[in-house]
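Inside the fold
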Amino acid sequence: MLAGITLAVAIGRCQAQQPAGSSVYQRAAGGPALSAGQPERIVAAMLAELGRVESISARVRQRTRVGGRVLVGTGRYLQQGRGVDQRFRFETVIEADTERIELLELSDGFSFWNYQKRGDEPPRLERVDIARVRSRLEQLGIAADGVATPYLGGLQRSLARIREWFRFTAAEAGTLEGLPVWRVEGRWNPPMLAAILPEQAEAAKSPEGILPGQLPEGMPWSVELVVGTSQLFPFRVEWRAAAGERPVAAASEPQPFSVLEFYDVRINEPVDSAAFVYRPSPEGLVDMTETFVKQTHPLRP
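The rules behind each value
- Residues numbered from 1 in each chain as written.
- Predicted model: local features only at pLDDT ≥ 70, side-chain atom pairs only at ≥ 80, totals over all residues.
- Heavy atoms only, no water.
- Axes fitted to C-alpha atoms, helices over the stretch in contact; angles between N-to-C directions.
- Helix = DSSP H or I, 4+ residues; strand = E, 2+ residues; numbered from the N terminus.
- Parallel < 35°, antiparallel > 145°, perpendicular 65-115°, else oblique.
- Left-handed = near helix turned anticlockwise from the far one by under 90°.
- Contact = heavy atoms within 4.5 Å.
- Nonpolar A, V, L, I, M, F, W, Y, C, P; charged D, E, K, R; others polar.
- 1 Å grid on protein atoms, 1.4 Å probe; cavity = no way out; pocket = protein on both sides within 12 Å on 5 of 7 lines; lining within 4 Å.
- Points joined across faces, edges and corners; volume = space filled by probe spheres on them.
- Phe/Tyr/Trp six-rings, centres within 6.5 Å; stacked < 30°, edge-to-face > 60°.
- Buried < 20%, exposed > 50% of the residue type's maximum accessible area, 1.4 Å probe, protein only.
- Lys NZ or Arg CZ within 6 Å of the ring centre and 35° of its normal.

1. Overview of the packing of helix α2 (residues 38-52) against helix α5 (residues 154-165)
α5 packs onto α2 with a crossing angle of 160 degrees between their chain directions and a minimal axis gap of 10 Å. With respect to each other, α2 and α5 are oriented roughly antiparallel. Between α2 and α5 lies a crossing whose hand is left-handed. Where α2 abuts α5, its residues Glu-40, Val-43, Ala-44, Met-46, Leu-47, Leu-50 and Gly-51 lie against Leu-155, Gln-156, Leu-159, Ala-160 and Arg-163. Residue classes in the contact of α2 with α5 are distributed as eight nonpolar, two polar and two charged.

Put into structure tokens, the structure is as follows:
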């Protein structure tokens with residue numbers, strides 16, 4: 001959900017401005033750069049740790065600028081269990097002007113649910129049979145421990161997709177409100193960018209790549225993850241695009257246009273199992289299992 005909305009309209013999970021003393025919209029202080037190869041290892045370790053912890057509870061806020069509009073949203077992320085017992089709930093409410101969008105991704109261990117409600121429009125509810133997804137993963141020879149979460153949704157899937165899209169080549173140590181962190185920067189994975197922009201495929205695969213001002217309006221050029229050095233938790237995701245109106249000079253420095261943060265984060269503390277019980281109305285229900293299974297593929301190692 002998060003990753004798909006990001007590419008479409010610059011994510012869309014944000015929150016109103018927080019007091020200056022408590023908001024991680026403040027930029028982390030810079031520190032020494034890390035060696036080559038370390039950025040990718042940090043992101044891989046972060047994803048692995050998200051799958052290993054017993055539980056996660058966090059509140060979510062984000063602010064995204066799309067043209068002249070600002071999308072503001074709040075929500076929460078919950079995760080419980082390991083292996084085949086892992087469940088999650090990722091919910092947000094997005095507001096912009098008079099528009100309100102409700103989003104929910106939930107895994108109860110048996111079904112993966114994706115709910116969307118936009119204003120007065122009829123809601124859309126999708127269901128995926130998790131057992132079928134696990135069978136597909138077994139056929140592909142992956143996820144032998146039964147963890148399907150990175151292939152379903154929630155925080156793990158969103159970050160796994162970011163890692164599919166971007167190559168992380170720069171990192172530096174810093175702090176975020178006094179917390180030691182790594183700031184890890186990723187830029188488009190050339191084959192992925194070439195597939196998304198076939199008309200610019202040759203430029204995307206060239207050593208110079210595509211410059212910020214040459215990307216379509218609203219498309220991010222880079223992403224920065226702010227990861228706790230001890231918890232390996234992604235406290236912040238910042239998307240950047242070329243500043244100003246297009247066309248933009250090739251030398252333009254990409255500017256943040258969407259910032260997502262997780263705060264009040266609690267790891268390995270009790271989470272109420274009732275949060276993962278979901279008995280939705282059948283209104284608008286669509287079974288997406290067959291399509292979802294066909295689209296399931298190995299994640300980037």
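2. Brief notes about the layout of surface pockets
Roughly 470 Å³ of internal volume is contained in the second largest pocket. Around the second largest pocket, the lining comprises 20 residues; the ones closest to its centre are Leu-47, Ala-48, Pro-150, Tyr-151 and Leu-299. Going through the elements one at a time, α2, α4 (149-152) and α5 are the ones with two or more residues in the lining of the second largest pocket. When residues in the lining of the second largest pocket are grouped by element, the largest group, five residues, is from α2.

3. So, the packing of aromatic side chains
Tallying each qualifying case throughout the model produces nine aromatic pairs. Note on Trp-113 and Tyr-278: the rings are 5.5 Å apart at their centroids and 70 degrees apart in plane angle, and the pair reads as edge-to-face. In this pair, Trp-113 is assigned in strand β5 (residues 111-118) and Tyr-278 in the loop between β11 (255-267) and β12 (285-287), connecting sequence segments 165 residues apart. On the basis of relative accessibility, which here comes to 10%, the residue Trp-113 falls in the buried class. Residue Tyr-278 is classed as buried on the basis of its relative accessible area, which comes to 18%. Summarising the aromatic geometry, the rings of Phe-166 and Trp-239 are spaced 5.7 Å apart at their centres and angled 65 degrees between planes, so their arrangement reads as edge-to-face. Residue Phe-166 is found in strand β7 (residues 166-176), and its partner Trp-239 is found in strand β10 (residues 234-241); the two are separated by 73 residues along the sequence. Like Trp-239, Phe-166 is buried. One residue, Arg-61, lies across the ring of Tyr-263, its end atom 3.9 Å from the ring centre.

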